[in-house]
Amino acid sequence: MKTSKLSLYIFLSLVAGIIAGWRFPDFGIMMQPLANVFLNMIRMIIAPLLFSVVVTGIASHGNIGSLGKLGLKTFVYFACAALLALIIGLSVGLIFEPGKGFPVDEAQNITESAPISMQSMHGSIIDLLVNLVPSSIIKSMAEGDMLQIVVFSIFFALAICAAGEKAKPVLDCISSLSEVMFKFTQLVMNFAPIGVFGSIAFTIATNGTEIIFHYAKIIGSLYFALILFMIIILNIVCRIVGISVFSLLRAIREPVILAFTTSTSESALPQAMKIMESYGVPKNIVGFVMPTGYTFNLDGSTLYLALAMLFSLQIADIHLAMFEILFLMAALMVTSKGVAGVPRAALVVLAGTLDNFGYPLIGVTILLGIDHILDMGRTTVNLIGNCVATVIVAKWEHEFNYDKMQEFNKQFIKQKKQKKSVIGKELLNKLHIEEHSDYGVNDNNGL
């Protein structure tokens, strides 16, 4: 199913679910299993997908030592950007509280599981660190422990790099697995309209149409946070390196529109890489930072996960201490790496992390119905954040070509003026023809 058609079907399912839950509440309640089946399908792909993508993303660069300063600087920037995105998402979630007062009756019953999960949160820091390392990767995958899977994947990737050429068949096999899991995920996402319909129909049937207001609240909170991130963080970062964020956005406007409309940065990545080279970033830096950022630098998704995690906890009326929230945010920061190109990747990560800590998935079920709208915003910021990252790393390496950037901007302004000139001439010609036409002028009679 093509992305455009899938987006249309998801939207139609959203509308149909609202109507079904509103007009036929008994039928809407019966649709809940559809949403549950889809959530199980998402759980099914988490372990192999995360393993294959993280290993491929790290090991495909070959010898880790050869990456040198470029790799270190790139990942330092990625970590700082992710931290700032988490802070903004967390702040907006705590201020606006989009999940507070959400009219979900079921949330009152499922909060009983919270004290059990809280026990693991109150352990010592040493115990938490010990539990990051899996005693059995098979067990971790069976239980869906995403943090342990990520740790194992990192060590596995480093071992492949250390083994060199002898490990190439293994890397090729895992790369193939990664491609298979991408296709697998696409197949699973073909069932998204059914899951959306079941989720929305059940939610509206049990809570009424007033719940739409609360959907608007979470959508508004996310887009406000994303705009805030671009205005505060990306704008300041661009100013530090001496470029205008508006100039950069103008340069990458086409891939940005593509990412927004398709909800996937994968479709916009090749065009964005080409533009960034023309904008003044050396090819070797673009070739390293953009694909790596596509895997590890997910500013929009990281911000969304912080906000969505708080939304899910607020819906279930689960109150955590600040250090517990920060630990969850750190877990999200780790588990969100490596699945940027996967449709609804953030939803997969959110479901896996909540499930891993024993928290209810009612928030995921609710967000499922509007995830496409949320995905459009976060995917766009992911792409913009990676384009900014290439400029930052190039400047850090003293290789950013400001003359090339200025020439790019001049060419854009020149093309814009030429376009306006052509449009102006066409309008004048049209007005001239209409003016003569009004006076009955006819070229055939010689007047």
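Residues numbered from 1 in each chain as written. Predicted model: local features only at pLDDT ≥ 70, side-chain atom pairs only at ≥ 80, totals over all residues. Heavy atoms only, no water.

### Quick word on the overall build of the protein
Looking only at helices and strands, the protein features 22 helices and zero strands. Look at the contacts in the protein between residues 6 or more apart in sequence, and 85% of them connect residues 24 or more apart. Accessible surface, the protein as shown: approximately 21,300 Å² in total, 66% of it carbon and sulfur. (Helix = DSSP H or I, 4+ residues; strand = E, 2+ residues; numbered from the N terminus. Contact = heavy atoms within 4.5 Å. Areas by Shrake-Rupley, 256 points an atom, 1.4 Å probe, with all protein chains shown as cover.)

### Observations concerning the pattern of salt bridges
Summed over the entire model, instances satisfying the criterion amount to four salt bridges. With its nearest N and O atoms 3.6 Å apart, the salt bridge here joins E97 to K100. Measuring nitrogen to oxygen at the nearest pair gives 3.1 Å for the salt bridge that ties D375 to R378. With D375 and R378 both in helix 21 (residues 371-396) and three residues apart, the pair spans about one turn of that helix. (Salt bridge = Lys/Arg side-chain N within 4 Å of Asp/Glu carboxyl O.)

### Comments concerning the nonpolar core
Core analysis: the biggest nonpolar cluster contains 128 residues, and Y77, M276, Y304, M329, L367 and V388 have the highest contact counts within it. Ignoring any residue separated from it by four or fewer positions in sequence, one finds L367 in contact with I218, Y304, A308, F311, L347, L350 and L374. (Core = buried A, V, L, I, M, F, W, Y, C linked by side-chain atoms within 4.5 Å. Buried < 20%, exposed > 50% of the residue type's maximum accessible area, 1.4 Å probe, protein only.)

### Re helix 21
Because each turn of an α-helix spans 3.6 residues, side chains separated by three or four positions in sequence point in the same direction. With 26 residues, helix 21 extends 36 Å between its outermost C-alpha atoms, agreeing within 8% with the 38 Å of an ideal straight helix rising 1.5 Å per residue. With its phi angle positive at about 60°, H398 sits one or two positions after the end of helix 21. (Expected span 1.5 Å × (residues − 1).)

### A few points about unusual backbone geometry
Glycine aside, residues mostly have negative phi, and peptide bonds are mostly found in the trans state. Of note, E97 is a non-glycine position whose phi angle comes to about 45°, a positive value. You can see E97 is positioned in the loop between helix 4 (64-96) and helix 5 (107-110). Residue classification places E97 among the partly exposed residues on the basis of a relative accessible area of 29%. For H398, which is not a glycine, the phi torsion comes out positive at approximately 60°.

### Quick notes on a nonpolar patch on the surface
Where nonpolar side chains cluster on the molecular surface, the patch consists of L8, Y9, F11, L12, V15 and I19 and spans about 540 Å² of accessible area. Here L8 shows up in helix 1 (residues 3-23). (Patch = residues over 30% accessible without salt bridge, like charges linked within 9 Å, V, L, I, M, F, W, Y side chains within 5 Å.)

### Observations regarding the environment of F296
Residue placement: F296 occurs in helix 16 (residues 283-296). On the accessibility criterion, F296 (10% relative accessible area) is buried. Once the C-alpha coordinates of F296 and M333 are considered, the two residues, 37 residues apart in sequence, prove to be 9.7 Å apart.

### Observations concerning the packing of aromatic side chains
The description of an aromatic ring pair uses the distance of the two centres, along with the angle that the planes make with each other. Enumeration according to the criterion identifies nine aromatic pairs in this entry. Both rings, one in Y279 and one in F400, keep their centres 6.3 Å apart while their planes meet at 50°; by these two values the pair is tilted. Placement of Y279 in helix 15 (residues 269-279) and of F400 in the loop between helix 21 and helix 22 (402-438) is noted, with a sequence separation of 121 residues between them. Just as Y279 is buried, F400 falls in that class too. Among the aromatic side chains, those forming a connected cluster through ring pairs are Y279, F400, Y402 and F408. One Lys or Arg, R23, reaches over the ring of W22 and ends 5.3 Å from the middle of that ring. Looking at R378, its charged tip hangs above the ring of Y304, at a distance of 4.2 Å from the centre. (Phe/Tyr/Trp six-rings, centres within 6.5 Å; stacked < 30°, edge-to-face > 60°. Lys NZ or Arg CZ within 6 Å of the ring centre and 35° of its normal.)

### Things to note about helix 10 (residues 168-189)
Helix length check: helix 10, at 22 residues, gives a terminal C-alpha distance of 31 Å against a target of 32 Å (1.5 Å per residue), a fit within 8%. Of all the residues in helix 10, the buried ones are L171, I174, S178, M181, F182, T185, V188 and M189. Looking straight down helix 10, one finds its buried side chains confined to an arc of 125°; they lie on one side. Exposed and oriented more than 90 degrees from the buried face of helix 10 are P169, C173, E179, K183 and L187. (Arc of directions from axis to C-beta.)

### Describing the side chain of T74
Within the secondary structure, T74 is located in helix 4. A relative accessible area of 0% places T74 in the buried class. Ignoring sequence-local partners within four residues, the contact set of T74 consists of F288, V289 and V393.

### Here's the deal with the environment of L326
By secondary structure assignment, the location of L326 is in helix 18 (residues 322-335). C-alpha separation for the pair L326 and I87, spaced 239 residues apart in sequence, amounts to 9.6 Å.

### As for the packing of helix 17 (residues 299-315) against helix 21
If you want to describe how two helices pack, look at the angle between their axes and the distance between the axes. For the pair helix 17 and helix 21, interaxial distance at closest approach is 6 Å and the crossing angle is 135°. It follows from the interaxial angle that helix 17 and helix 21 lie oblique. Where helix 17 approaches helix 21, its residues D299, G300, S301 and Y304 are matched on the opposing element by D371, L374, R378, V381, N382 and G385. (Axes fitted to C-alpha atoms, helices over the stretch in contact; angles between N-to-C directions. Parallel < 35°, antiparallel > 145°, perpendicular 65-115°, else oblique.)

### So, the confidence of the model for the protein
Taken as a whole, the protein shows an average pLDDT of 78; of its residues, 77% reach a score of 70 or greater. Within the model, pLDDT remains below 50 along residues 106-125, and this stretch shows 29 contacts once partners closer than five positions in the same chain are excluded. (pLDDT = per-residue confidence, 0-100.)

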